[in-house]
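# Architecture at a glance
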Amino acid sequence: MRLGGRHALLSHAVKHPLQPRVAQRTLRTLPRLPVDDLNLRASANPNAKNVAVLGGGITGLAAAWNLQRSIPDVKITIYEKNQWLGGWVQSERIPVEGGHVLFEWGPRTLRPSLSNPAGVATVDLVSQLDIADDLIAISKDSPAALNRYVYYPDHLAMMPGAGGGLLTLASQLFKLRNEPVFQGVLSSLAVEAYVALRDPGVRDESVGDFVRRRFGKGVADNLASALLHGIYAGDLYRLSARTLLPLLWHLEVRDRQNEPGILLQMAAFMFQRRSLVARNDLHFAGVYAQDMVSRDSNFDGKEAIVSVLEQASVYTFKSGLSEITASLGQRLSDNPAVSIRTSSSIEDVTFDTDRSQALVHCDGKTKPFDYVISTLGPGEMKKFLASTATRRGVTPGPQVSEACEHSGASVNVMVVNLYFKDPNLLPQSTRGFGYLIPRSVPIEQNPERALGVIFGSETSGRADTIVRSGKDVEVEGQDTAPGVKLTVMLGGHWWDGWAPSDLPTEEEAIEMSQALLRRHLGIVQSPELAKARLNPNCIPQYPVGYRDDMATIHQALVSEYDGRFKVAGPWWQGGVGMNDSIRKAREVAWAIQHQWDDRTGLEDYAEDESWFLWDRTTGNLVKDAVE
Ligand SMILES: C=Cc1c2[nH]c(c1C)Cc1[nH]c(c(CCC(=O)O)c1C)Cc1[nH]c(c(C)c1CCC(=O)O)Cc1[nH]c(c(C)c1C=C)C2
């Protein structure tokens, strides 16, 4: 929905100081810790006068934004290698006959996730940037939220709907039992509780091996592989289960303590309204609550956003997700304490032990900083750590280089955006989010090596998909032209090991996408507008053993830079979502504000996971550390 005029919103909001009430509404689904346990500084870190932020994508911009909000007089320099800010978040508005369409080349929607610090961090940022008037919230009842398809083996199969609990899921699966993609799924799920548990010595395994072991080969190859294509464009037999499915990984350990299988434990949690919360999440949820209660100034604005997002499955903005990065870029460049250096290549980051300062070497010049936040990947990190150790006269240990190399894998994704004039291009019966293509589809059905197709118009704000908050609210979506927008995603892990010259050109990718749409959906019409863009190395892949790599890099950062070098962003947080990046950006800024020099952004990996049982009804912890 378009939130409409702020006055319309305020007219139904309570007009008195709202601190506890807003904290309650926004954070009522987050667990809270006693303030004394949070180790907060009353005044900002006196050592943080000059901070460098490496990378001007969403994480770097959000980190700089948080720093300048929370540390008075801090000077910030943002270094970005491109000529532009925003990283992979790129939205393009293009005029076509009858109006315009908006093409996204990177992330396109956000999940509200209001019970998760990552979702709350984004809501907070949107409210601080004052861009909520452009918000488009796609309803939980919309076709995009309810209808998701998997293409297998030669047709679209509708996935069981989101929400409704495990019983609803089981009954939906029962109805779909004759659909080939679900063959054997019900019987595998039924015996899951009796599956042999993993060896206690196993520190990690691939998502594919984990899912196949617990839930069967059909669930792994037909369903989980499709899901992982849609999020990581990745190979489920390479991605780390311990990183991507931390809760399921832990529930198998609890199973060893006489709990009855993963699915039954999840059903019990749902029924009892309880959740397991990881140690770091608990800490930062406590910091969020405290920060909002003590410092927040836009209570009404946030309350209004939250009340809309409670009804939404996903959301975006009228000019796309780059409204967030553009607004951040603008607001930061208006601040004289922030210097933005685009087209800048970082050569090295070393450390001056005597002055406790990090030295950023860029374009032939060296500048000292009290702290550095880097969003660059493990390739750059390997170089920085090796040269810092060498300058200190220490031979760099091979483990650090190996950890950087091992965790530095990524995939290329070709994004093909197409706009068709015909508003009835897709039959009513296939309205929905789009479809994902699992690894198990025969190659003759997918010679283009596509990962999935998004029915983009469904999440662009069609009149019947958006959340409405009142009759007075003007409703407007991203596209004003009446046709249909589709996005085909090609490549990902299918192109692992391919030389750049083997990848299709953008023109070839458009032709391949049209061939795919003809075969899969019978679309023979030519698009009015078709554009493709290769996003090289855009999605990190989190290999088996990722947690151990991160623990090694954390120790190296603490010892080489005394904790003055922090990391954030998709390479380091085991997730590629924009919410996660915004959250991590906030957490590293807090680490600087509160002088937590033992936190590098990777500190959570330094110890094995521990979980706390939390009651969502009362907001209290049921049990201190479960593991
Ligand atoms: C450039 C391509 C991207 C692919 N995945 C991502 C990008 C940016 C990142 C990503 N995609 C999703 C998530 C989950 C986060 C979340 O919504 O909580 C992340 C981090 C899910 C997703 N995948 C697709 C869409 C439209 C969405 C979000 C919306 C939703 O779930 O309703 C489609 C899609 N993304 C990729 C592929 C190959 C693909 C195929 C249809 C890769």
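Residues numbered from 1 in each chain as written. Predicted model: local features only at pLDDT ≥ 70, side-chain atom pairs only at ≥ 80, totals over all residues. Heavy atoms only, no water.

By the naming in an unreviewed UniProt entry, the protein chain is Protoporphyrinogen oxidase, taken from Capronia epimyces CBS 606.96. If you open the UniProt record of the protein chain and go to Subcellular location (unreviewed entry), you find "Mitochondrion inner membrane". Regarding the protein chain, the relevant UniProt record gives this comment under Sequence similarities (unreviewed entry): "Belongs to the protoporphyrinogen/coproporphyrinogen oxidase family. Protoporphyrinogen oxidase subfamily." (UniProt positions renumbered as here; feature names shortened; annotations may be inferred.)

## Remarks on a negative patch on the surface
Judged by side-chain charge, Glu506, Glu507, Glu508 and Glu511 come together as a negatively charged surface patch. Of note, Glu507 is situated in helix 18 (residues 506-521). (Patch = residues over 30% accessible without salt bridge, like charges linked within 9 Å, V, L, I, M, F, W, Y side chains within 5 Å. Areas by Shrake-Rupley, 256 points an atom, 1.4 Å probe, with all protein chains shown as cover. Salt bridge = Lys/Arg side-chain N within 4 Å of Asp/Glu carboxyl O. Lys, Arg positive; Asp, Glu negative; His and termini not counted. Charge placed at Lys NZ, Arg CZ, Asp CG, Glu CD. Helix = DSSP H or I, 4+ residues; strand = E, 2+ residues; numbered from the N terminus.)

## Thoughts on the site of the ligand
In the vicinity of the ligand there are 20 residues, among which Thr109, Arg111, Arg148, Gly230 and Ile231 approach most closely. A distance of 2.7 Å separates a nitrogen atom of the ligand from a polar backbone atom of Gly230. Its free accessible area being 770 Å², the ligand has 85% of it covered by the protein chains. The set of elements that each furnish at least two residues to the shell around the ligand consists of helix 9 (217-232) and strand 17 (450-455). Considered class by class, the residues forming the shell around the ligand number 11 nonpolar, six polar and three charged. Counting residues domain by domain, the shell around the ligand receives three or more from each of domain 1 (46-86 + 281-408 + 543-611) and domain 2 (91-114 + 132-146 + 410-540). (Near = heavy atom within 4 Å. Polar contact = N/O pair within 3.5 Å; in protein donor to acceptor, adjacent residues only side chain to side chain. Nonpolar A, V, L, I, M, F, W, Y, C, P; charged D, E, K, R; others polar. Domains from an automatic or database assignment.)

## Examining the pairing of strand 5 (residues 135-139)
Of all five residues in strand 5, five are buried; the element is thus mostly enclosed. The sheet contact formed by strand 5 and strand 9 (residues 312-317) spans five bridges and is antiparallel. Bridging from a neighbouring strand, Ala137 pairs with Tyr315 of strand 9. (Buried < 20%, exposed > 50% of the residue type's maximum accessible area, 1.4 Å probe, protein only. Pairing = 2+ DSSP bridges.)

## Overview of the sheet that holds strand 17
Across a sheet, strands are paired by hydrogen bonds formed along the backbone, either parallel or antiparallel in direction. With mixed pairing, seven strands are arranged side by side in an open sheet as 7-6-16-17-18-15-19. Strand pairing shows two members of the sheet lacking a second neighbour, strand 7 (156-158) and strand 19 (529-540), which therefore form its edges. On average, adjacent strands in this sheet sit at an angle of 25° to one another, irrespective of strand direction. Taken together, the five bridges between strand 17 and strand 18 (residues 484-491) define a ladder with antiparallel strand orientation. (Axes fitted to C-alpha atoms, helices over the stretch in contact; angles between N-to-C directions.)

## Considering the sheet that holds strand 13 (residues 365-369)
With respect to topology, three strands assemble into an open sheet ordered 11-12-13, the strand pairing being antiparallel. Whereas interior strands pair on both sides, the edge strands pair on one side only; in this sheet they are strand 11 (346-352) and strand 13. The sheet shows a mean angle of 25° between the axes of neighbouring strands, direction not considered. Taken together, the five bridges between strand 12 (residues 357-362) and strand 13 define a ladder with antiparallel strand orientation. Within strand 13, the position partnered with Cys362 by the bridge is Lys365.

## A look at helix 3 (residues 58-70)
In this model, helix 3 (13 residues) spans 18 Å end to end at C-alpha, consistent with the 18 Å of a helix rising 1.5 Å per residue. Burial analysis of helix 3 places 11 of its 13 residues in the buried class, the great majority of the element. Along helix 3, the residues that are buried comprise Ile58, Thr59, Gly60, Leu61, Ala62, Ala63, Ala64, Trp65, Asn66, Leu67 and Ser70. (Expected span 1.5 Å × (residues − 1).)

## Digging into the domain arrangement of the protein chain
Domain parsing of the protein chain yields domain 1 (46-86 + 281-408 + 543-611) and domain 2 (91-114 + 132-146 + 410-540). Taken over C-alpha atoms, the centre of domain 1 sits 30 Å from the centre of domain 2. In this complex, domain 1 contributes 25 residues to the contact, which on the side of domain 2 involves 31 residues. Contact between domain 1 and domain 2 buries roughly 2700 Å² in total, counting both sides, with carbon and sulfur atoms accounting for 64%. Taken as a group, Val314, Tyr315 and Lys318 account for 26% of the area that domain 1 buries against domain 2, more than any other trio of residues on that side. Applying the counting criterion to the domain 1 and domain 2 interface returns zero salt bridges. Linking domain 1 with domain 2 are 15 residue pairs in polar contact (both at pLDDT 80 or more). Going through the elements one at a time, helix 14 (299-309), strand 9, helix 15 (322-333) and helix 20 (578-593) are the ones with two or more residues in the side of domain 1 that touches domain 2. Sorting elements by how many residues they give to the side of domain 1 that touches domain 2 places strand 9 first, with six residues. (Contact = heavy atoms within 4.5 Å. Buried area = accessible area lost by both parts, 1.4 Å probe.)

## Focus: the pattern of salt bridges
Two side chains carrying opposite charge are able to pair once their charged atoms lie near each other. Applying the stated criterion across every chain, the model contains 36 salt bridges. Among the salt bridges present, the one from Arg242 reaches Asp608, with a minimum N-O distance of 3.2 Å. In this pair, Arg242 is assigned in helix 10 (residues 241-244) and Asp608 in the loop between helix 20 and strand 21 (611-615), connecting sequence segments 366 residues apart. We classify Arg242 as buried; its relative accessible area is 6%.

## Observations concerning the packing of aromatic side chains
Evaluation of the coordinates by the stated rule reveals 16 aromatic pairs. Look at Tyr435 and Phe455: their rings are 6.3 Å apart centre to centre, the planes differ by 70°, and that puts the pair in the edge-to-face class. Taken together, the residues Tyr435 in strand 16 (residues 434-436) and Phe455 in strand 17 connect sequence positions 20 residues apart. As far as the burial class goes, Tyr435 and Phe455 line up, both buried. Ring geometry for Tyr561 and Phe565: centres 4.8 Å apart, planes at 50°, overall tilted. Grouping residues by exposure puts Tyr561 and Phe565 together as buried. Stacked on the ring of Tyr371, the Lys or Arg Arg564 has its end atom at 4.8 Å from the ring centre. One residue, Arg599, lies across the ring of Trp596, its end atom 5.4 Å from the ring centre. (Phe/Tyr/Trp six-rings, centres within 6.5 Å; stacked < 30°, edge-to-face > 60°. Lys NZ or Arg CZ within 6 Å of the ring centre and 35° of its normal.)

## Some remarks on the packing of helix 4 (residues 117-129) against helix 20
Running from N to C, helix 4 and helix 20 point in directions that differ by 80°, and their axes come no closer than 8 Å. The orientation of helix 4 relative to helix 20 falls into the category roughly perpendicular. Of the residues in helix 20, those in contact with Pro117, Ala118, Gly119, Ala121, Thr122, Asp124, Leu125 and Gln128 of helix 4 are Asn579, Asp580, Ile582, Arg583 and Arg586. Among the residues forming the contact of helix 4 with helix 20, the class breakdown is five nonpolar, four polar and four charged. (Parallel < 35°, antiparallel > 145°, perpendicular 65-115°, else oblique.)

## With respect to the nonpolar core
Side chains that are nonpolar tend, in soluble globular proteins, to be buried together. Core analysis: the largest hydrophobic core is formed by 106 residues, its most contacted members being Val349, Val360 and Ile553. Split by domain, this core shows at least three residues from each of two domains, domain 1 (46-86 + 281-408 + 543-611) and domain 2 (91-114 + 132-146 + 410-540). Ignoring anything within four residues of it in the chain, the contact list for Val360 reads Ala52, Leu54, Tyr79, Ile346, Asp348, Val349, Lys365, Thr366, Lys367, Phe369 and Val372. In this structure, Leu110, Val287, Val306 and Val467 belong to the second largest nonpolar core, which totals 57 residues. (Core = buried A, V, L, I, M, F, W, Y, C linked by side-chain atoms within 4.5 Å.)

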